[in-house]
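Architecture and fold: a report
Given next are the chains, with one letter for each unit.
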Amino acid sequence: MTTALYRRYRPETFGEMIGQSQVTDPLMTALRGDRVGHAYLFSGPRGCGKTTSARILARCLNCAEGPTDVPCGVCPSCVELSRAGGGSLDVVEIDAASHNGVDDARDLRERATFAPSRDRYKIFILDEAHMVTPQGFNALLKLVEEPPEHVKFIFATTEPEKVLGTIRSRTHHYPFRLVPPAAMLEYVEKLCAEEGVIVEQGVLPLVVRAGGGSPRDTLSLLDQLIAGSDAPAGSETVTVGYARAVSLLGYTHGALLDEIVDALAAGDAAAAFPAIDRVVQTGQDPRRFVDDLLERLRDLIVIAAVGAGASAVLRGIAEDDLQRMRGQAETFGAARLSRTADVVSAALDDMSGATSPRLHLELMVARVLASAADAAAAAPAAPAAERAPAPTRPAAASAPVSAPAASAPAVPTPTPASQASDTPPADSEVAAAAPAAPAPAPEGPSSADAATPAPAATESAAAEPAAPRGPVTFDSIRASWPAVLTRLEGISRTSWLLATAVQPLAYVTDTEVLTLGFTSQHDVAKFKGTTPGSGPSDHLRSAIEHELGVRVKYLPAPMPAGGAPRQSAASGPSAPADSAPASEPASAGSSRSQVRGASASAVTEWAVAPIPTAHEEPASAPPVPSSPLPVDEEPEEVEAAASAPVPPSDGAVDRDEPPLPGDDEAPAFDDEPPYDPSYEPPVSQQSAPQQSAPQAPQSAPQRSMPQQQRAAAAPPVVIERAPSVGGVQRYGEAVIRQVLGATFLREEPYEPPTRFN
């Protein structure tokens, strides 16, 4: 029976440790300077040398020649703490996973009070210290904080964050790390040479990769491979074969990887899918295969990027394997290698927890082959495009101009100021409605330069307000109105819905006042909005400014009966300011001076005009097709109540008399007489309609018009009623009779409800 490989080659000095210089160098310096602390905390992954370093530190402290950074190895303490020793009485190793309670901490505290039996210090090594309970740590807290002169503590743990903070703050913390692959590969090669074992090419990189940077795990795997290998025929030296290592460690064979990579590089589905089937039939885990494939693609990417210097990055790979991988990298190409690696990495993520890993594996291969087919189809298209003659600049420049003109004929092209002034109004309408024809581009470099910045100019025009190329007229606003609404829809959908029912009626260029037609006064209130700066009117103003380059002010007007007519030519820039256009309402002409005064305001930017009454008829204003917007002087509830049928009247209360005072003006208790249902007023004090009202209350709404006029002309009759003896005083009876049209029938006393009724 042999000892495990990691025990036979366990380091005995800090110099034999590999890959942990960040720990060994400070400890050796502290030992040389005799500045050793009373407690240490070693943390790191499993199998990276925490317990071994604790033993080495104990040897250095209790060495007969110490404290020293290099133990002598011959004194009794060094011999007992060596890899072949049985341990020392003054160095106590405690498994904290099974001794983690308060009682164990008390026992340790009692043992610490005794002096060491032979050596210089009594050292307690607590392995898996994160398993100690908080109560156990609290029991050790005072001892760790102020230990005796002969006591040292060394805590080893894989999870330092679970160690109590008060304990961790009283120790020197040294973090251990995983050993790099290069140092580990060199270490196992030296160890195999000392053991006299022959290892085939490619075995040790697999062992280092499977070990994951842990020396103990790596040596355990190597020990397993050595124990499972035998000497070939005619030789006494044990040889570890590559096939045995691949099958034992579960990795994909290099030949199978080369076959699949070659098939994917060539886009050969007939060779790729049988290789995938062979992977599954051999019982290999599809996830491990995808991991191996991703590792190979990573090596190919490094080879494609580095080139001849890839051997310095990819250690442990033979030269012939590197040469073969260079050919695979050239076949793939750098760009395609990167895309393939992304596909494989995404498939590896999707396969985590998948119920059918083989399905994901085959779909991954299909996606890689599809990308290879797309790349092969796109490759011949590039030379064909290079051989094709380039089109001339004028033809290329005219295409984008005609396309927008055909797609959006309603959007006008602003004309320069000189053309606008020379063109008559009728011609300007035709020019604004017709799409602009592209001008012939002059030959020479100037046309190419002018056509080049066209996309940039379009983007800047969309982002910034358009600069007016000439005076904006009513015709241009009418022609650009569909484009303004389209731009408004992109700003606010709600404002666009309101603006679709609005039409421009007139525009004054001097004051930049735009007259808009509304169907009702309610639409004007909704168009103004409730919040200044964020209402539909502001959104429409912004759309007009971006489309035409002018910031207009509004003048509301009623919509004509026949729609929105065009403004006459006299309302252009050359028309006098005092003459109102025919399309404007009658109030617009009389308030022209007020419009100019309101245009200078920067608060609301609304041109305010007084609403004309029915008695005011300006002599200079032309006839208007429709009347001005009515002024809503009463709430909708009052209008509805006024249009309701007249309820039947009761007694001498007339519907046409003024309303009664409120409850706060009610008469005193003794001033208002009670209502007497048996009382009938004299005939002489009532009119004829009042006499017939009690007999036929339902015929009161059907009174004739002369009777209503006579009742309105006659003064209201007030009936004086004396309070009856023992009667009940009532308030507001007349109001109830007038509003509800009620008639008194009988009087019942009110009895509050109780549990018995």
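Rules of the game
Residues numbered from 1 in each chain as written. Predicted model: local features only at pLDDT ≥ 70, side-chain atom pairs only at ≥ 80, totals over all residues. Heavy atoms only, no water. Phe/Tyr/Trp six-rings, centres within 6.5 Å; stacked < 30°, edge-to-face > 60°. Helix = DSSP H or I, 4+ residues; strand = E, 2+ residues; numbered from the N terminus. Buried < 20%, exposed > 50% of the residue type's maximum accessible area, 1.4 Å probe, protein only. Lys NZ or Arg CZ within 6 Å of the ring centre and 35° of its normal. Pairing = 2+ DSSP bridges. Axes fitted to C-alpha atoms, helices over the stretch in contact; angles between N-to-C directions. Contact = heavy atoms within 4.5 Å. Right-handed = clockwise from strand over helix to strand, strands pointing away. Parallel < 35°, antiparallel > 145°, perpendicular 65-115°, else oblique. Left-handed = near helix turned anticlockwise from the far one by under 90°. pLDDT = per-residue confidence, 0-100. Polar contact = N/O pair within 3.5 Å; in protein donor to acceptor, adjacent residues only side chain to side chain. Expected span 1.5 Å × (residues − 1). Arc of directions from axis to C-beta. Core = buried A, V, L, I, M, F, W, Y, C linked by side-chain atoms within 4.5 Å. Nonpolar A, V, L, I, M, F, W, Y, C, P; charged D, E, K, R; others polar.

Applying the stated criterion to the full structure yields eight aromatic pairs. Considering the side-chain rings of Phe-42 and Phe-176, the 5.4 Å spacing of their centres and the 65° angle between planes classify their relative orientation as edge-to-face. With a gap of 134 residues between them, Phe-42 in strand β1 (residues 39-43) and Phe-176 in the loop between β5 (172-175) and α8 (181-195) connect regions that are remote in the sequence. On the basis of relative accessible area, Phe-176 is assigned to the buried category, the value being 4%. In textbook terms, an aromatic cluster arises when at least three aromatic residues are bridged by ring pairs, as seen for Tyr-40, Phe-42, Tyr-174 and Phe-176. Taking NZ or CZ as reference, Lys-152 lies 4.9 Å from the ring centre of Tyr-121, over its face. The positively charged end of Arg-288 is found above the aromatic ring belonging to Tyr-251, 4.5 Å away from the centroid.

This part is about the sheet that holds strand β10 (residues 553-558). In spatial order, the strands read β8-β9-β10; together these three strands make up an open sheet with mixed pairing. The open sheet has two edge strands with one neighbour each: β8 (503-508) and β10. Averaged over all pairs of adjacent strands, the angle between strand axes in this sheet comes to 30°, irrespective of strand direction. With five bridges connecting them, β8 and strand β9 (residues 513-518) associate as antiparallel partners. Bridge pairing in β9 links Pro-504 to Leu-516. Sheet strands touched by helix α23 (residues 474-491): β8 and β9. Its angle to β8, the strand with the most contacts, is close to 155°. Most of the contacts of helix α25 (residues 521-528) go to β9, to which it runs at about 130°, and overall it touches β9 and β10.

So, about the sheet that holds strand β4 (residues 151-157). Here we have five strands laid out as an open sheet, ordered β2-β3-β4-β1-β5, and parallel in their pairing. The outermost strands of the open sheet, each flanked by one partner alone, are β2 (91-95) and β5. When the angles between neighbouring strand axes are averaged without regard to direction, this sheet yields 15°. Inspection of the sheet shows β1 paired to β4 by five bridges, in the parallel sense. When the sheet's bridge partners are listed, Ala-39 is paired in β4 with Phe-153. Contacting β2, β3 (122-127) and β4, helix α5 (residues 102-112) runs over the sheet at an angle of about 160° to β3.

Further remarks concern the pairing of β4. Along β4, seven of the seven residues are buried, which leaves the element largely enclosed by surrounding structure. Taking every second residue as pointing to the same face, both faces of β4 are buried, with Val-151, Phe-153, Phe-155 and Thr-157 on one and Lys-152, Ile-154 and Ala-156 on the other. Pairing analysis gives six bridges linking β3 to β4, with the strands arranged parallel. Residue pairing for β4: Asp-127 is matched across the bridge by Ala-156. In this fold, β3 hands off to helix α6 (residues 134-145), which returns the chain to β4; that crossover is right-handed.

Turning our eyes to something else, we now look at the packing of helix α12 (residues 254-266) against helix α15 (residues 319-332). Across the interface, α12 lies against α15 with an axial gap of 9 Å and an inter-helix angle of 25°. Judged on the interaxial angle alone, α15 and α12 are roughly parallel. Where α12 crosses over α15, the handedness of that crossing is left-handed. The segment α12 lies against α15, with Asp-258, Val-261, Asp-262, Leu-264 and Ala-265 engaging Arg-324, Gln-328, Thr-331 and Phe-332.

We now examine unusual backbone geometry. The phi angle at Asp-34 is positive, at roughly 55°, despite the residue not being glycine. The residue Asp-34 is located in the loop between α2 (21-32) and β1 in this model. The exposure class of Asp-34 is exposed, given its relative accessible area of 56%. The phi dihedral of Glu-512 is positive, around 60°, even though this residue is not glycine. Looking at the element boundaries, Glu-512 is found in the loop between β8 and β9.

This brings us to the pairing of β2. One ladder, built from five bridges, connects β2 with β3; its direction is parallel. Considered in β3, the bridge of Val-91 is made with Ile-123.

Next up on the list: the confidence of the model for the protein chain. Averaged over all residues, the pLDDT of the protein chain is 73; the fraction at 70 or higher stands at 64%. Scored below 50 in pLDDT, residues 382-463 makes 34 contacts in the model with residues more than four places away or belonging to other chains. Confidence drops under pLDDT 50 across residues 716-721; counting only partners more than four residues distant or on other chains, this segment forms 13 contacts.

Inspection of the secondary structure assignment puts Gln-284 in the loop between α13 (269-281) and α14 (286-306). Assessed through its relative accessible area of 14%, Gln-284 is described here as buried. At 2.4 Å, the side chain of Gln-284 and the side chain of Thr-252 are in polar contact. Those residues in contact with Gln-284 that lie beyond four places of it in its chain are Gly-250, Tyr-251, Thr-252, Val-279, Phe-289 and Asp-292.

Within an α-helix, residues lying three or four positions from one another point in the same direction, as the helix has 3.6 residues per turn. The end-to-end C-alpha distance of α13 is 18 Å, a good match for the 18 Å that 13 residues give at a rise of 1.5 Å each. Taken as a whole, α13 has its buried residues at Ala-272, Ala-275, Ile-276 and Val-279. Along α13, the residues classed as buried sweep out an arc of 100° about the axis, all on the same side. Residues of α13 that are exposed and point over 90 degrees away from its buried face: Ala-270 and Gln-281. Sitting at the amino-terminal end of α13 is Asp-268, which places a side-chain oxygen 3.2 Å from the backbone nitrogen of Ala-270. Following α13 by one or two positions, Gly-283 has its phi on the positive side, about 85°.

In this section: the nonpolar core. Counting residues in each nonpolar core, the largest one holds 34 residues, and the members touching the most others are Ile-260, Leu-264, Phe-289, Leu-293, Leu-300 and Met-364. Breaking this core down by element, the ones donating at least two residues are α12, α13, α14, α15, α16 (334-350) and α17 (357-387). Every residue in contact with Leu-264, bar those within four places of it in the chain, is listed here: Ala-272, Leu-293, Phe-332, Arg-336, Val-365, Val-368, Leu-369 and Ala-372. If you look at the next biggest cluster of nonpolar residues, it comprises 26 residues, including Cys-192, Val-208, Leu-221 and Tyr-251.

Another point: helix α3 (residues 50-62). Spanning 13 residues, α3 covers 19 Å between terminal C-alpha atoms, matching the ideal 18 Å at 1.5 Å per step. α3 sits mainly inside the fold: 12 of its 13 residues count as buried. Buried residues of α3: Lys-50, Thr-51, Thr-52, Ser-53, Ala-54, Ile-56, Leu-57, Ala-58, Arg-59, Cys-60, Leu-61 and Asn-62, and no others. Buried residues along α3 sit in contact with α2, β1, α4 (76-80), β2, β3 and β4.

Okay, the side chain of Gln-20 next. Along the chain, the position of Gln-20 falls in the loop between α1 (5-8) and α2. Each residue touching Gln-20, except ones within four places of it in the same chain, is listed here: Cys-48, Phe-176, Arg-177 and Val-179.

Relative orientation and spacing of two packed helices are given, respectively, by the angle between their axes and the distance between those axes. Across the interface, α23 lies against helix α26 (residues 536-548) with an axial gap of 8 Å and an inter-helix angle of 120°. It follows from the interaxial angle that α23 and α26 lie oblique. The two elements α23 and α26 meet at a crossing, and its hand is right-handed. Mapping the contact onto sequence places Ser-476, Ile-477, Ser-480, Trp-481, Ala-483, Val-484, Arg-487, Leu-488 and Ile-491 in α23 and His-539, Leu-540, Ser-542, Ala-543, Ile-544, His-546, Glu-547 and Leu-548 in α26. Class assignment of the residues belonging to the contact of α23 with α26 gives a composition of 10 nonpolar, five polar and two charged.

With that settled, consider the environment of Val-199. Within the fold, Val-199 resides in strand β6 (residues 198-199). Judged by relative accessible area, which is 21%, Val-199 ranks as partly exposed. Sequence spacing of Val-199 and Val-238 is 39 residues, and the spatial spacing of their C-alpha atoms is 8.4 Å. In contact with Val-199, other than residues within four places in its own chain, are Cys-192, Leu-204 and Val-240.

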